[in-house]
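Coordinate inspection notes
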Amino acid sequence: MKIQALYDEIYERLEKDHDQVLSALRQSELNEEEAEKAERMELALQTAKDIFENIMTPGTSMKIVHSKGSLTIEIDT
């Protein structure tokens, strides 16, 4: 499998999973524990998509801003 095809496949899967979690969060019938898990999944999937979309090389950092706060990722040299 070519790298670009693999990249596209993985990104599409992340995007699909992220959309599913967002749909689940819109449901009002989630209990507190389910809502917390869904929020963690949403943050993790959004972060993974952001990392996937941006090229990071050694010595760089990325700040990801999310409604729940922000994350800073650093790649050491």
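Further up the page is the structure itself.
The rules behind these values
Residues numbered from 1 in each chain as written. Predicted model: local features only at pLDDT ≥ 70, side-chain atom pairs only at ≥ 80, totals over all residues. Heavy atoms only, no water. Pairing = 2+ DSSP bridges. Helix = DSSP H or I, 4+ residues; strand = E, 2+ residues; numbered from the N terminus. Patch = residues over 30% accessible without salt bridge, like charges linked within 9 Å, V, L, I, M, F, W, Y side chains within 5 Å. Areas by Shrake-Rupley, 256 points an atom, 1.4 Å probe, with all protein chains shown as cover. Salt bridge = Lys/Arg side-chain N within 4 Å of Asp/Glu carboxyl O. Contact = heavy atoms within 4.5 Å. Expected span 1.5 Å × (residues − 1). Axes fitted to C-alpha atoms, helices over the stretch in contact; angles between N-to-C directions. Parallel < 35°, antiparallel > 145°, perpendicular 65-115°, else oblique. Left-handed = near helix turned anticlockwise from the far one by under 90°. Nonpolar A, V, L, I, M, F, W, Y, C, P; charged D, E, K, R; others polar.

**A few points about the pairing of strand β2 (residues 69-74)**
Relative to β2, strand β1 (residues 61-66) is paired through six bridges, and the arrangement is antiparallel. Residue Met 62 lies in a different strand from β2, and its bridge partner there is Ile 73. The antiparallel hairpin formed by β1 and β2 contains two residues in its connecting segment.

**Comments concerning a nonpolar patch on the surface**
Together, Met 1, Ile 3 and Leu 6 line one region of the surface with nonpolar side chains, adding up to about 370 Å² of accessible area. Structurally, Met 1 can be placed in the segment before α1 (3-26).

**Digging into the environment of Leu 25**
When you line up the elements, Leu 25 lands in helix α1. Not counting the four nearest positions on each side in its chain, Leu 25 is found in contact with Leu 30, Ala 35, Ala 38, Glu 39 and Glu 42.

**Observations regarding α1**
When the terminal C-alpha atoms of α1 are compared, their 35 Å separation across 24 residues agrees well with the 34 Å that a helix rising 1.5 Å per residue should span. If you follow the buried residues of α1, they end up packed against α2 (32-53).

**Regarding the packing of α1 against α2**
Packed helix pairs are characterised by how far apart their axes lie and by the angle those axes make with each other. Packing of α1 against α2 brings their axes to within 9 Å, and their N-to-C directions diverge by 150 degrees. Taken together, the axes of α1 and α2 are roughly antiparallel relative to one another. Once α1 is placed against α2, the crossing between them reads as left-handed. Of the residues in α2, those in contact with Tyr 7, Ile 10, Tyr 11, Leu 14, Glu 15, Asp 17, His 18, Val 21, Leu 22 and Leu 25 of α1 are Ala 35, Ala 38, Glu 39, Met 41, Glu 42, Leu 45, Gln 46, Ala 48, Lys 49, Phe 52 and Glu 53. For the contact of α1 with α2, the residue count by class is 13 nonpolar, two polar and six charged.

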